[in-house]
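Report on the structure
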Amino acid sequence: MAAITRLVKRASPSISSTAARSLFCSESSSHAPPQEHFHAPPRKDPKDRNVQWVFLGCPGVGKGTYASRLCNLLGVPHIATGDLVRHELASKGPLSSQLSEIVNQGKLVSDDIIIRLLSKRLADGESKGESGFILDGFPRTINQAEILEGVIDIDLVVNLKLQEEALLAKCLGRRICNQCGGNFNVASIDIKGENGSPGMFMAPLLPPANCMSKLITRADDTEDVVKERLRIYNETTQPLEEFYRSRGKLLEFNLPGGIPESWPKLLQALNLDDYDEKRSAAA
Ligand SMILES: Nc1ncnc2c1ncn2[C@@H]1O[C@H](COP(=O)(O)OP(=O)(O)O)[C@@H](O)[C@H]1O
């Protein structure tokens, strides 16, 4: 983790993957040779695992929800670059006016800014003794993935997938409590199965009564902006699937429904189902 911190201290304002790699060529980790297929992670105790994971997935798929649940289970920090950007925006710091224009149009922030924000977050965590992480929302471009690859050995990339029809509805239904920061969703999604494709029901994820009056909607969760974010995702971020697939690191996971159906299946796919049971029994 120290590597990415130093990356930013030394990187030039316009970071390119080649520049980053040349700064850290002596530190680059050994990468697994490309494999045809991803094999599920070996069934070993999570404390023996190198949890340096990335979550990929379209806006609205639920990356934040599942990444944060897994982080609670595994005791690693959930680092969402979207949260870092929103925090910077709210702080009204020097970058905020520049950022609000970009974010509110659904565009991507420059690699330079995002890497600076991420590096600061990693450095703060390092000074508190954090180890491991799940990255949510980073990398989002091939350039970001190459920079990351030059400094950190990512162990696993989970690619969450959901029917396109549900994504827009989930973004538009998203609500955040402006006091506790909790994420909720008021959308009730009921997609009928057609021509052999399965239907899907996702119940709303309603907030507790004390959050009800404090719910806010993200400024970039309007229909036009969500459509633009989906377009940019398909164009710029989707190529990362092949990037990680070719390295044998990609775990594809089709969400079968809401949290009650999807969470146990995700744990199974990650070989963490035993771990969850042991933890629940010990709680
Ligand atoms: N890795 C990144 N690269 C560039 N911009 C980013 C990155 N992560 C977050 N952002 C900015 O923050 C916004 C919100 O990010 P996020 O909460 O991850 O959105 P989404 O719900 O679309 O996945 C993005 O639309 C983008 O402007």
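Not measured: the values here are computed from a predicted model.

1. Focus: the site of the ligand
Inspection of the region around the ligand gives 18 residues, with Thr81, Arg86, Lys107, Gly137 and Arg229 positioned closest. Between lysine 107 and the ligand, the recorded distance is 2.6 Å, taken from a backbone N or O atom to an oxygen atom. Contacts to the ligand include arginine 174, whose side-chain N or O atom sits 3.4 Å from an oxygen atom. Alone, the ligand offers 550 Å² of accessible surface; in the complex the protein occludes 96% of this. Ranked by residues supplied to the shell around the ligand, first place goes to helix 4 (residues 81-90) with 4 residues. Looking at side-chain class alone, the shell around the ligand contains 7 nonpolar, 4 polar and 7 charged residues.

2. A few points about the side chain of glutamate 88
Tracing the sequence through the fold places glutamate 88 in helix 4. Buried and without a salt bridge, glutamate 88 has lysine 120 as its closest oppositely charged side chain, separated by 7.5 Å. Each residue touching glutamate 88, except ones within four places of it in the same chain, is listed here: Gly93, Leu95, Ser96, Leu99 and Leu117.

3. Thoughts on the pairing of strand 4 (residues 156-161)
Here strand 4 lies mainly inside the structure; 5 of its 6 residues are buried. Sheet topology places strand 4 next to strand 10 (residues 250-254); 5 bridges connect them, and they run parallel. Counted as the bridge partner of lysine 161 is asparagine 254 from strand 10.

4. A few points about the sheet that holds strand 5 (residues 174-177)
In spatial order, the strands read 6-5-9; together these 3 strands make up an open sheet with antiparallel pairing. Across the chains shown, the open sheet's two edge strands, defined by having one partner strand only, are strand 6 (183-185) and strand 9 (215-216). With 2 bridges connecting them, strand 5 and strand 9 associate as antiparallel partners. Paired with cysteine 177 across the bridge in strand 9 is leucine 215.

5. Here we look at the pattern of salt bridges
Evaluated as defined, the whole model comprises 20 salt bridges. Of the charged contacts, one joins arginine 174 and aspartate 221 as a salt bridge, the two residues approaching to 2.9 Å between their closest N and O atoms. Separated by 47 residues along the polypeptide, arginine 174 in strand 5 and aspartate 221 in the loop between strand 9 and helix 9 (223-237) bring together distant segments of the chain. Arginine 174 sits in the buried class, given a relative accessible area of 15%. Among the salt bridges present, the one from glutamate 241 reaches arginine 245, with a minimum N-O distance of 3.9 Å. Of this pair, glutamate 241 and arginine 245 both sit in helix 10 (residues 239-245), 4 residues apart, roughly one helical turn. Linked by salt bridges that have partners in common, Lys161, Glu241, Glu242, Arg245 and Glu252 make up one network.

6. Quick look at helix 9
For helix 9, spanning 15 residues, the distance from its first C-alpha to its last is 20 Å, which sits close to the expected 21 Å at 1.5 Å a residue. Along helix 9, the residues classified as buried are Val225, Val226, Glu228, Arg229, Leu230, Ile232, Tyr233 and Thr237. Against the buried residues of helix 9 lie strand 1 (52-56), helix 5 (96-104), strand 4, helix 8 (164-173), strand 5 and helix 10.

7. Some words on the packing of helix 4 against helix 5
One can describe the packing of helix 4 onto helix 5 by two numbers: an axis separation of 8 Å at closest approach and a directional angle of 130°. For the element pair helix 4 / helix 5, the angle class is oblique. Considering only the axes of helix 4 and helix 5, their crossing is left-handed. Only Ser96, Leu99, Ser100 and Val103 of helix 5 make contact with helix 4, whose side of the interface consists of Val85, Glu88 and Leu89.

8. Focus: the packing of aromatic side chains
Taken as a whole, this structure holds 1 aromatic pair when the rule is applied. Pairing phenylalanine 243 with tyrosine 244 gives two aromatic rings, centres 5.0 Å apart and planes at 85°, and the pair type is edge-to-face. The ring of tryptophan 263 has arginine 69 lying over it, and the distance from NZ or CZ to the ring centre is 5.2 Å. The ring of phenylalanine 243 has arginine 247 sitting right over it, with the charged end atom 3.7 Å from the ring centre.

Here is what the cut-offs are and how they apply
- Residues numbered from 1 in each chain as written.
- Predicted model: local features only at pLDDT ≥ 70, side-chain atom pairs only at ≥ 80, totals over all residues.
- Heavy atoms only, no water.
- Near = heavy atom within 4 Å.
- Polar contact = N/O pair within 3.5 Å; in protein donor to acceptor, adjacent residues only side chain to side chain.
- Areas by Shrake-Rupley, 256 points an atom, 1.4 Å probe, with all protein chains shown as cover.
- Helix = DSSP H or I, 4+ residues; strand = E, 2+ residues; numbered from the N terminus.
- Nonpolar A, V, L, I, M, F, W, Y, C, P; charged D, E, K, R; others polar.
- Buried < 20%, exposed > 50% of the residue type's maximum accessible area, 1.4 Å probe, protein only.
- Lys, Arg positive; Asp, Glu negative; His and termini not counted.
- Salt bridge = Lys/Arg side-chain N within 4 Å of Asp/Glu carboxyl O.
- Contact = heavy atoms within 4.5 Å.
- Pairing = 2+ DSSP bridges.
- Expected span 1.5 Å × (residues − 1).
- Axes fitted to C-alpha atoms, helices over the stretch in contact; angles between N-to-C directions.
- Parallel < 35°, antiparallel > 145°, perpendicular 65-115°, else oblique.
- Left-handed = near helix turned anticlockwise from the far one by under 90°.
- Phe/Tyr/Trp six-rings, centres within 6.5 Å; stacked < 30°, edge-to-face > 60°.
- Lys NZ or Arg CZ within 6 Å of the ring centre and 35° of its normal.

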